[in-house]
Each structure stands twice: as C-alpha cells, then as structure tokens.
Amino acid sequence: MAENPMNIFHVTVAIQDINDNTPHFLNEDIRLEPSESTLPGAQFVLGHAEDPDVGMNSLQSYQLMSNQYFTLETRESEDGNKYAELVLSKQLDRESESSFHITLLAVDGGKPARTGTAKIWVNVIDANDNPPVFAQKLYKVSMMESAAKGSSVVQVKATDRDEGSNAQIIYSFSNIAESASKMFLLDPQNGTIMVLETLDFELKDKYTVMVEAKDGGGLVAHCNVEIKIVDENDNAPDIILSNIEDLPLSSYVSINSETGIIYAQRSFDYEQFREFQLQVKAQDGGSPPLSSNITLKVFIVDQNDNSPLILYPSKGLEASALFEMIPRSADADYLVTKVVAVDADSGHNAWLSYHLLQATEPGLFTIGHHTGEIRTSRTFLERDAVKQRVVILVKDNGQPSLSATVTLNMVFAENFQEALPEMKTQPINTDYQSDLQFYLVLALALISFLFLLSVILAILMKLWRSGNPKFLQCFAPVPHSSAGAIFPPNFEDGTLPYSYQLCLSSESRKNEFTFLTPNIQIVDNILSGDKSGESLTGNEENHLDSEVAKLNMVSFYSRKCLHAIL
C-alpha cells in the first residue's frame, strides 16, 4: 500500500434492453385517394413506425388487416428502418364501394410482443367508367291531335352511376327527321319532350325520334320514343255496361257515359254475394264506330255487420230447458255444457271468443276462450249456492266488435228429482208478464166496447124500423135547470084519458117514469059519480075499464123500451 497507494480499475457496464416501449406511427391516420381506374400492382408508401427499444425488442414487421383490395409489403431503407408499402391487388370500383378503411399493425420482437396501430382511410376517386342508362329503351306515348303547343309529351330519364361532372347528363335528339324536329322540342336538362307545333292526325299519325343522353365524360346512351297521334273525336264514347252473371245489375251499379266511372247504387251485402263480373264496352262516335270491351271483376270486402248468433242454448227455449244439472260430486274441470255460436261474416270478423260476463260464484266456472266449453274450476262446496246463474258473452273479432249474450242456470244435484224443485222456483220475467197483462186488458176493453156499441146500434135500428119515431124524440137536447126535473114534450094518445111524460132527474142521474094525473074532466066525472053514490051503467063501466087497460099497457111497454135502452 505504501508503494502503490492508489490503483485505478476500468469497469465496463453493459445495460440490457427490455421490451418496455410500444412501436408507434408518426401518422396514425393515413389517407389515400386512389382513382377507381388505377390498375392492379400500383404501390402506395405508408411510412414507418418507430420503437426506441433495440435488438429483438425493436420493430420487426408490419401486418395488414384482411381486405379484398390491398396486400402489404415490408421494405427496409438504407438507414435500416423498416417501412410498409400497400400494393393494389384488385381494381377499385367506386360505384360498389366508394370509401373504406384498413388497420395497419407495427409489431416488435419482444416477448410478449408489443404492437402499434394506424388507420388507413381509402377514398376512391370516381372515374367516368359508367355510361348513362335510360329507364326504358323504348317509350310509347299517345297524343291527341288537339294537344296545345307547349304540352308535355313524355319525359325520358337516364341515370349515371358516376358522380360529379361524370354524372351530369345532357339530352338531345339524334338522327331526327325534319318533320319531327318541327313538331317537337326536347329540354336538354330534364329530358322532357314538348309539342312545338299543332299536330294533325290526317297529315301524320305517328312519329319516331331517338334521344341521346351524354354524361360529362363523353359517354352516351340512346333510346327511342314512339309518339302516336290520336284522332280527335267530338262525340263522347258510348259506354255500355252489361252483366255476365245472374244479378240485377242495374240496381247495384251505374256508369258515367262521359268518364267511364262506375258508381255503386246501393250498399253491397257480402253475405249475399261476394264477387261479380261486369263487361264494359266503350264505343266512339266515328264512322264507322270503333269499340272495345273489357271485363271487370268486382270483389266485395266483408264488413263486420253481423252479430254472433248463439245456436245453443237457444234463447227461444223455455226457462226449464236453460237449466244444466251438475253432479255435486263433479271434480274440477268437469264439462258442464258448451255454448255454440256462429257469425255470418267471414275472415277475422267471424272469429268468435267466449267470455264469462257474470256469475253467481265467479270462481266456480270457467269458459274456453275459443271453444265455448263451460267447465267447473273447482269442486262444489257446501257454502256454494245450489242454483247458479252465469251470463256468457260471445264476441267477434271485428272493428268495432259485435257481441251477443246468453244466460244459463246451473243446478247442483245428483238426479233430476233433486233438481226439479230448484227449476220450478225460477223467477218469472216480470217485464214480460206486465206487457202481457197490458195487452190482454187492452184487447178485452176494445172487444167490450165494440160489443156494446153493436148492441146499442142494433136496438136503435130495431126501434126505428118498428115505426115509433116519436119515442126517439126523448133523446133530443132540451135546456134544463140543474135544480129541477127535465120533462120532454108530452106524449099523448087521444084515446087515453091519461097522459104520461118521461122525467129525468139531473141531480140523482136516475131515469124513471112519472105518471101525471088523469084529465081533469074524466077524473071529475069519476069522483063526482063516487060522491053522489050514483052507479055507473054497464056501458060506462066497460068503457072505463077499457081506458084503464090501455093506459096500463102503454105504461108497461114504455118501461120495457126504457130498460132495453138503458
């Protein structure tokens, strides 16, 4: 140590690299704009990625996500850096795919390897590789010879799949005859052919012109237009409507002879007939007249205009027939009965569904939504009523929906003898009984009135024919006081010593005969005879008896007539 107090040693430290850096692109969004006319084999340089690591941990290769147009090649520059290059393997088509993107990967050699990504955005530039295409190769049109100048004849239409100026189309006539060029004008922008001069059927009845469509790149397409001139007829066609089926056609449809529009005269009934055919004939007024026929088939579309009809149980059955007997020991899901219904409509309008609308015990019965089968949902319990009442709703599938209801009575019994008392206690329809009683009373009153009127008229006619019109004078109106009796005119027979009158009491409203006193002279004679004690001779006595008998007879018949009238 004394001799060599200090020694210097040289140490070399080698730092080993680890893969702690990811390759990265200087430009992570690479944009390419190749033309669709670029040929396969064309190359596109993408640049390179950087990785600070060294050795195997540095950038080793590039990878390209799968696509149908490009492949990838990895190249090395003079300074040793690796860069990627795209190679076009398939020609681009802007019309099928105008833009897309591809993912580029940069991979190092570390374990595990690290990767960096970049997006390649490819926007295909259009090339004029598509010519214009007309919607139709041949346009046929008819024009009336009276068409005004400037009227549109037809519009031809061509399209080009290119874009920009390559898709701009100019229309023009090509190889047009001089006669047609004087009659028609073509709009170069929208392809509309218009009438330039007055058309004349007698001069020329048909024109054929060729239209050319040229795009901005010089590609062209052609189509033909046939213009048929129609003779102007001042007479409206005679349109005849005839039927080819056994239907009263005139009551259902009519046709306008000027326009040919067919109108319905009344509503159709799908349930009566669902379709019918018409034969329409159009005839002009030319000389000779020309005509054509067409057969028109009319289909009637069903509407929901019929409510469901319940076939069973029938509403026309007696009340006892609407009872269904169920054994008390019936298990759950026991089939009680089935409601059967139909609908006169068709299709969806005739689809029926069954619903339990009301029930004495709602949880005791269920009904099949589509079958109408009424089943027990559980067993019968002691607390359940023996007699059950359910109301079933049958509804169709129309819009709006129509429905019908039916009421069923259920009796839980083991036999008919046990169920019979419950059936007999069914309440009677009070509304029906009330209506029936009203009509019976009304009919009885009417019959009684007619019978009484007939009897009165018969009596009056009999009295009138008996030759005793003076008796009817008693019905003539005579003014009277409310306080006293009413005395009709006197009825006297000159042969009788007594006169009598009919007295009507206004207060008591009772009719009775009041016999007045005999003639004063006769009475006085009788009284004077009695007081003097003189006896009557035989002739006088017979005469008096005769007069009294007549008086009694008149009184008897008068009472009978009055009683007959009253």
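Refer to the structure printed above.
Quick caveat: nothing in here was measured; it's all calculated off a predicted structure. (Residues numbered from 1 in each chain as written. Predicted model: local features only at pLDDT ≥ 70, side-chain atom pairs only at ≥ 80, totals over all residues. Heavy atoms only, no water.)

A. Inspection of the overall build of the protein chain at higher detail. Check the secondary structure of the protein chain and you find five helices and 34 strands. For the protein chain, long-range pairs separated by at least 24 residues make up 62% of all intrachain contacts whose partners lie at least 6 apart in sequence. When the accessible surface of the protein chain is totalled, it reaches about 36,700 Å², and 54% of it is carbon and sulfur. (Helix = DSSP H or I, 4+ residues; strand = E, 2+ residues; numbered from the N terminus. Contact = heavy atoms within 4.5 Å. Areas by Shrake-Rupley, 256 points an atom, 1.4 Å probe, with all protein chains shown as cover.)

B. Main features of a negative patch on the surface. Taken together, the side chains of Asp 200, Glu 202, Asp 231 and Glu 232 define an acidic patch exposed on the protein surface. Assignment of secondary structure puts Asp 200 in the loop between strand S15 (192-195) and strand S16 (206-214). For Asp 200, a relative accessible area of 32% corresponds to the partly exposed category. (Patch = residues over 30% accessible without salt bridge, like charges linked within 9 Å, V, L, I, M, F, W, Y side chains within 5 Å. Salt bridge = Lys/Arg side-chain N within 4 Å of Asp/Glu carboxyl O. Lys, Arg positive; Asp, Glu negative; His and termini not counted. Charge placed at Lys NZ, Arg CZ, Asp CG, Glu CD. Buried < 20%, exposed > 50% of the residue type's maximum accessible area, 1.4 Å probe, protein only.)

C. Fine view of the pairing of strand S31 (residues 403-412). Along S31, seven of the 10 residues are buried, which leaves the element largely enclosed by surrounding structure. In this structure, strand S24 (residues 323-326) lies alongside S31, joined through four bridges in parallel fashion. Bridge pairing links Glu 324 to Met 410 in S31. Once strand S30 (residues 387-396) ends, the chain turns through six residues before running back antiparallel as S31. (Pairing = 2+ DSSP bridges.)

D. Quick peek at a nonpolar patch on the surface. A cluster of nonpolar side chains, namely Leu 446, Phe 449, Leu 450, Leu 452, Leu 453, Ile 456, Leu 457 and Leu 460, defines an oily patch on the protein surface of about 730 Å² accessible area. Relative to the helices and strands, Leu 457 is located in helix H3 (residues 430-465). A residue is classified by how much of its surface remains accessible, and Leu 457, at 47% relative accessible area, is partly exposed.

E. A look at unusual backbone geometry. A cis amide bond, omega 0°, links Lys 111 with the succeeding residue Pro 112. Structurally, Pro 112 can be placed in the loop between strand S7 (99-108) and strand S8 (115-123). That bond from Gln 399 to Pro 400 is cis: its omega, 0°, falls within 30 degrees of zero. Mapped onto the fold, Pro 400 is located in the loop between S30 and S31. Here the phi dihedral of Asn 175 falls at roughly 50°; this positive angle occurs in a residue that is not glycine. When you line up the elements, Asn 175 lands in the loop between strand S13 (170-174) and helix H1 (178-183). In the Ramachandran plot, Asp 333 falls in the positive-phi region, its phi being about 70° despite a non-glycine side chain. In this fold, Asp 333 is placed in the loop between S24 and strand S25 (335-338). Of the residues examined, Asp 333 reaches a relative accessible area of 49% and is grouped as partly exposed.

F. Focus on the packing of aromatic side chains. Tallied over the entire structure, the rule returns 11 aromatic pairs. Ring centres of Phe 44 and Phe 70 lie 6.0 Å apart, and the angle between their planes is 80°; this geometry places the pair in the edge-to-face category. Taken together, the residues Phe 44 in strand S3 (residues 43-50) and Phe 70 in strand S5 (residues 70-76) connect sequence positions 26 residues apart. Measuring from ring centre to ring centre gives 5.9 Å for Tyr 252 and Phe 268, while their planes differ by 10°; the resulting arrangement is stacked. Here Tyr 252 is found in the loop between strand S18 (238-243) and strand S19 (253-255), whereas its partner Phe 268 is found in the loop between strand S20 (262-264) and strand S21 (275-283), with 16 residues between them in sequence. Classification of Tyr 252 as buried rests on a relative accessible area of 4%. Note on Phe 268: relative accessible area 28%, which makes it partly exposed. In this structure an aromatic cluster arises from ring pairing among Phe 44, Tyr 69, Phe 70 and Phe 100. Between the NZ or CZ atom of Lys 204 and the centre of the ring of Tyr 207, over which it lies, the distance is 5.5 Å. (Phe/Tyr/Trp six-rings, centres within 6.5 Å; stacked < 30°, edge-to-face > 60°. Lys NZ or Arg CZ within 6 Å of the ring centre and 35° of its normal.)

G. Representation of the sheet that holds strand S2 (residues 29-32) in the model. If you trace the four strands from one edge of the open sheet to the other, you get S2-S8-S7-S4, paired in mixed fashion. In this open sheet, the two strands that pair with only one neighbour each are S2 and strand S4 (59-64). Here the strands of the sheet are splayed against their neighbours by 25° on average, with no regard to which way each runs. In this structure, S4 lies alongside S7, joined through five bridges in antiparallel fashion. Paired with Ser 61 across the bridge in S7 is Val 107. (Axes fitted to C-alpha atoms, helices over the stretch in contact; angles between N-to-C directions.)

H. Quick peek at the pattern of salt bridges. Counting across every chain of the model gives 13 salt bridges. Arg 94 is the salt-bridge partner of Asp 126, the closest N and O atoms lying 2.9 Å from each other. Of this pair, Asp 126 sits in the loop between S8 and strand S9 (133-134) while Arg 94 sits in the loop between strand S6 (82-88) and S7, placing them 32 residues apart in sequence. Using a relative accessible area of 10% as the deciding quantity, one classes Arg 94 as buried.

I. Fine view of the nonpolar core. Core analysis: the biggest nonpolar cluster contains 27 residues, and Phe 134, Val 153, Tyr 171, Ile 193, Val 211, Val 225 and Ile 227 have the highest contact counts within it. At the level of elements, strand S10 (138-144), strand S11 (152-155), H1, strand S14 (184-186), S15, S16 and strand S17 (220-230) are the ones that each hand at least two residues to this core. The element best represented in this core is S17, accounting for five residues. (Core = buried A, V, L, I, M, F, W, Y, C linked by side-chain atoms within 4.5 Å.)

J. Structural view of the environment of Glu 85. Relative to the helices and strands, Glu 85 resides in strand S6. In this structure the C-alpha to C-alpha distance between Glu 85 and Thr 71, which are 14 residues apart in sequence, comes to 8.5 Å. Among residues more than four places away in sequence, those in contact with Glu 85 are Gln 43, Phe 44, Val 45, Thr 71, Leu 72, Glu 73 and Arg 75. In this structure the side chain of Glu 85 is engaged in a polar contact, spanning 2.7 Å, whose partner is the side chain of Arg 75. (Polar contact = N/O pair within 3.5 Å; in protein donor to acceptor, adjacent residues only side chain to side chain.)

K. Quick look at the pairing of strand S29 (residues 373-376). The alternating pattern of S29 places Ile 374 and Thr 376 on a buried face and Glu 373 and Arg 375 on a face that is not buried. By the bridge criterion, three bridges tie S25 to S29 in an arrangement that is antiparallel. Note that in S29 the partner of Thr 337 across the bridge is Ile 374. In this sheet, S29 lies alongside strand S28 (residues 365-367) in antiparallel orientation, the contact comprising three bridges.

L. Quick peek at the sheet that holds strand S1 (residues 24-25). Spatially, S1-S3-S6-S5 is the arrangement adopted by the four strands of the open sheet, whose pairing is antiparallel. Every interior strand has two partners, whereas the edge strands, S1 and S5, have only one. Here S3 pairs with S6 via five bridges, running antiparallel. What sits directly across from Val 45, in S6, is Glu 85.

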